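# Coordinates in review
Listed below, chain by chain, are the residues.
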Amino acid sequence: ARELEVRDVVSFSVTLSADGVPWAADVQLASDEATLEEEVEASELGLFTGTLVSVAAGAGLAAVRCEDLQELFGKDLCAFYPDVSGLGANIGDAVSFNAVLHPHGLLQARQLSSAG
């Protein structure tokens, strides 16, 4: 296996540190030919409700837990901080979102709104 290089497409899981900051774990090359320039389509999974479980403004990320998707995929969803910051939501608040599964396994929460 070759070393990872800048612009490689990778798969990874997101783990929270003790202070709630998400970080990438189990980083692996998605495929030898994959690059960021490739057009890859994400699969829209539909509208779901979950709970905001962490926000790391400095990293530009947040994590959303949805029991239904957790059961199917075994992981939380990531959301970009700008999608979360305007909600006025706090950790533990319910949010609605459109779930997207990217080809490399990333679950993303998009178009978030307050569900409470």
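Values in this document were obtained by computation on a predicted structure and should not be read as measured data.

### Things to note about the overall build of the protein chain
Tallying secondary structure elements over the protein chain gives two helices and seven strands in all. Starting at the N terminus and ending at the C terminus, the protein chain contains elements arranged as β-β-β-β-α-β-α-β-β. Every one of the 116 residues in the protein chain was classed for burial, and the buried ones make up 27%. Pairs at least 24 apart in sequence give 48% of the contacts found in the protein chain among residues at least 6 apart.

### Digging into the packing of aromatic side chains
Under the criterion given, the structure shown has one aromatic pair. With 6.3 Å between their ring centres and 25° between their planes, Phe-48 and Phe-97 make a pair best called stacked. Here the residue Phe-48 occupies a position in strand E3 (residues 43-56), and Phe-97 occupies one in strand E6 (residues 94-101), the gap between them amounting to 49 residues. Residues Phe-48 and Phe-97 agree in their burial class; the two are buried.

### Examining the nonpolar core
Ranked by size, the top nonpolar core spans 16 residues in total, and within it Val-64, Leu-69, Leu-77, Phe-97, Ala-109 and Leu-112 carry the most contacts. Elements with a minimum of two residues in this core: E3, strand E4 (61-65), strand E5 (77-80), E6 and strand E7 (107-114). Apart from the residues lying within four places of it in its own chain, the contact partners of Val-64 are Gly-50, Thr-51, Leu-52, Val-53, Asp-76, Leu-77, Val-95, Phe-97, Ala-109 and Leu-112.

### Details of the confidence of the model for the protein chain
Looking at the protein chain, pLDDT values average 81 and 88% of them are 70 or higher. Mean pLDDT per element in the protein chain: strand E1 (residues 10-16) is the minimum at 75, and E6 is the maximum at 93. Confidence over residues 34-39 falls short of pLDDT 50; this stretch has seven contacts with residues more than four positions distant or in other chains.

### Digging into the pattern of salt bridges
Evaluation of the coordinates by the stated rule reveals two salt bridges. A salt bridge links Arg-110 to Glu-44; the nearest nitrogen and oxygen atoms lie 3.9 Å apart. A residue pair is termed long-range when its members are at least 10 positions apart, and Arg-110 in strand E7 and Glu-44 in strand E3 qualify at 66 residues. Judged by relative accessible area, Glu-44 falls into the exposed class, the value being 56%. One salt bridge in this structure joins Asp-76 and Arg-65, with 2.8 Å as the shortest N-O distance. Taken as a pair, Asp-76 in the loop between helix H1 (67-73) and E5 and Arg-65 in strand E4 lie far apart in primary sequence, eleven residues in all.

### What about the environment of Ala-63?
Among the structural elements, Ala-63 can be located in strand E4. Residue classification places Ala-63 among the buried positions, given a relative accessible area of 7%. As for Ala-63 and Cys-78, which are separated by 15 residues in sequence, their C-alpha atoms are 4.7 Å apart. If we skip the residues at most four places from it in the chain, Ala-63 touches Thr-51, Leu-52, Val-53, Ser-54 and Leu-77.

### Comments concerning the environment of Asp-19
In this structure, Asp-19 sits in the loop between E1 and strand E2 (22-29). Look at Asp-19 and you get exposed, because its relative accessible area is 63%. Residues Asp-19 and Ala-56 lie 37 residues apart in sequence; the distance between their C-alpha atoms is 9.9 Å.

Definitions and cut-offs
Residues numbered from 1 in each chain as written. Predicted model: local features only at pLDDT ≥ 70, side-chain atom pairs only at ≥ 80, totals over all residues. Heavy atoms only, no water. Helix = DSSP H or I, 4+ residues; strand = E, 2+ residues; numbered from the N terminus. Buried < 20%, exposed > 50% of the residue type's maximum accessible area, 1.4 Å probe, protein only. Contact = heavy atoms within 4.5 Å. Phe/Tyr/Trp six-rings, centres within 6.5 Å; stacked < 30°, edge-to-face > 60°. Core = buried A, V, L, I, M, F, W, Y, C linked by side-chain atoms within 4.5 Å. pLDDT = per-residue confidence, 0-100. Salt bridge = Lys/Arg side-chain N within 4 Å of Asp/Glu carboxyl O.

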